[in-house]
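Structural features, examined
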Amino acid sequence: MKRIGRLVATMLMGVLPAGGQAQEGILPPGETSGTRSGADGAPSWKGDPEKRKALIESLRALRREPEKVEFHSAMCYKIARPPESVSYTCKVCGTVTEHPWAGVGQIVEGLPYLERSLSELPVRITFDASSLCSTCGNGRPPGIEMTTECGECGKAFRWNVSTREEEDRLRLLFLRHPITSFDAGPGKWKDGPDPDRVKEIAEYISSHMFCETCCPILGLKEAGR
Ligand SMILES: [Zn+2]
Ligand SMILES: [Zn+2]
């Protein structure tokens, strides 16, 4: 996973103007926290500033006018018959571990999508899937450990994805901004406006992209909540 993180960082470094990071007195990610992942000589990372601005604006708008974004049912494209189990090949030691679909199988299946999607976010989020390996996992419950480097101050914080519901929610982070409508998901939510649901979604995205301190500062959350 580190290798990929570095690869992505290298790719981005090639795209971003040199010296584009650490402007305006904001501490570069990594200097505010000792828990920075990928600190093994990887260059400091800064997402697309335009995308980041659009993200913050969009999240503010969702909070301000949650009734403006409606839910619409889309076509269902669920796997007709999911496999019994999915095998995970560890990128570190090569061990192949079988995971039941009903357990973390869907998470394992979604890993390539996750990697690709995370690399396109304006906020740096990395993940560690080592607990999915029967050898490297050392008996830890299988899942993925996510590390967000706050999109504002760079402070790193961790969170876990270990259930199918959490994996579904995770996809909210990859919605295109500004958001004009939500896919209701067949039979899941009702069509039409649902301000509370929109606020909840906005809060989920905000709190996984920005730290607790920065959310209220950015106007993405009420202070003291
Ligand atoms: Zn392993
Ligand atoms: Zn922050």
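For clarity, every value in this text was computed on a predicted model and none was experimentally measured. (Residues numbered from 1 in each chain as written. Chains lettered and ligands numbered in written order. Predicted model: local features only at pLDDT ≥ 70, side-chain atom pairs only at ≥ 80, totals over all residues. Heavy atoms only, no water.)

**With respect to the packing of aromatic side chains**
Two aromatic rings are characterised by how far apart their centres lie and by the angle between their planes. Throughout the structure, instances matching the rule amount to two aromatic pairs. A centroid spacing of 5.2 Å and a plane angle of 25° characterise the contact between Phe 71 and Phe 182, whose relative ring orientation is stacked. Of the two residues, Phe 71 is situated in strand β1 (residues 70-72) and Phe 182 in strand β7 (residues 181-183); the sequence distance between them amounts to 111 residues. For Phe 71, a relative accessible area of 0% puts it in the buried group. Ring centres of Tyr 113 and Phe 174 lie 5.8 Å apart, and the angle between their planes is 80°; on these two criteria the pair is classed as edge-to-face. Within this pair, whereas Tyr 113 is found in helix α4 (residues 111-119), its partner Phe 174 is found in the loop between α5 (164-170) and β7, the two being separated by 61 residues in sequence. (Phe/Tyr/Trp six-rings, centres within 6.5 Å; stacked < 30°, edge-to-face > 60°. Helix = DSSP H or I, 4+ residues; strand = E, 2+ residues; numbered from the N terminus. Buried < 20%, exposed > 50% of the residue type's maximum accessible area, 1.4 Å probe, protein only.)

**Some details on the nonpolar core**
By size, the foremost hydrophobic cluster in this structure holds 48 residues, and its most contacted members are Ile 144, Met 146 and Phe 210. The greatest single-element share of this core, amounting to six residues, is contributed by helix α6 (residues 195-209). Ignoring sequence-local partners within four residues, the contact set of Phe 210 consists of Leu 55, Ile 56, Leu 59, Val 123, Cys 150, Gly 151, Glu 152, Phe 157, Cys 215, Leu 218 and Leu 220. (Core = buried A, V, L, I, M, F, W, Y, C linked by side-chain atoms within 4.5 Å. Contact = heavy atoms within 4.5 Å.)

**Considering the coordination of the zinc ion (ligand 2)**
Listed as protein donors to the zinc ion (ligand 2) are Cys 150 (SG), Cys 153 (SG), Cys 211 (SG) and Cys 214 (SG); their distances from the metal cover 2.3 Å. Considering all four donor atoms around the zinc ion (ligand 2), angles at the metal cover 106 to 115° and the coordination shape is tetrahedral. Binding-site remark: the zinc ion (ligand 2) is held by donors from one chain whose sequence spacing is C-x2-C-x57-C-x2-C. In this pair, Cys 153 sits in the loop between β5 (144-149) and β6 (156-161) while Cys 211 sits in the loop between α6 and α7 (214-217), placing the two residues 58 residues apart along the sequence. (Donors = N, O, S within 2.8 Å, 3.2 Å for Na, K, Ca; no water. Tetrahedral: all angles 85-135°; square planar, octahedral: opposite > 155°, others 65-115°.)

**A look at the coordination of the zinc ion (ligand 1)**
Six octahedrally arranged donors around a metal ideally form angles of 90 or 180 degrees; four tetrahedrally arranged donors ideally form angles of 109.5 degrees. Looking at the zinc ion (ligand 1), the protein donor atoms are Cys 90 (SG), Cys 93 (SG), Cys 133 (SG) and Cys 136 (SG), and they sit 2.3 Å from it. One way to put it: the four donor atoms around the zinc ion (ligand 1) meet at angles of 103 to 113°, and that makes the site tetrahedral. Mapping the donors of the zinc ion (ligand 1) onto the primary sequence gives the spacing C-x2-C-x39-C-x2-C. Note on Cys 136: relative accessible area 22%, which makes it partly exposed.

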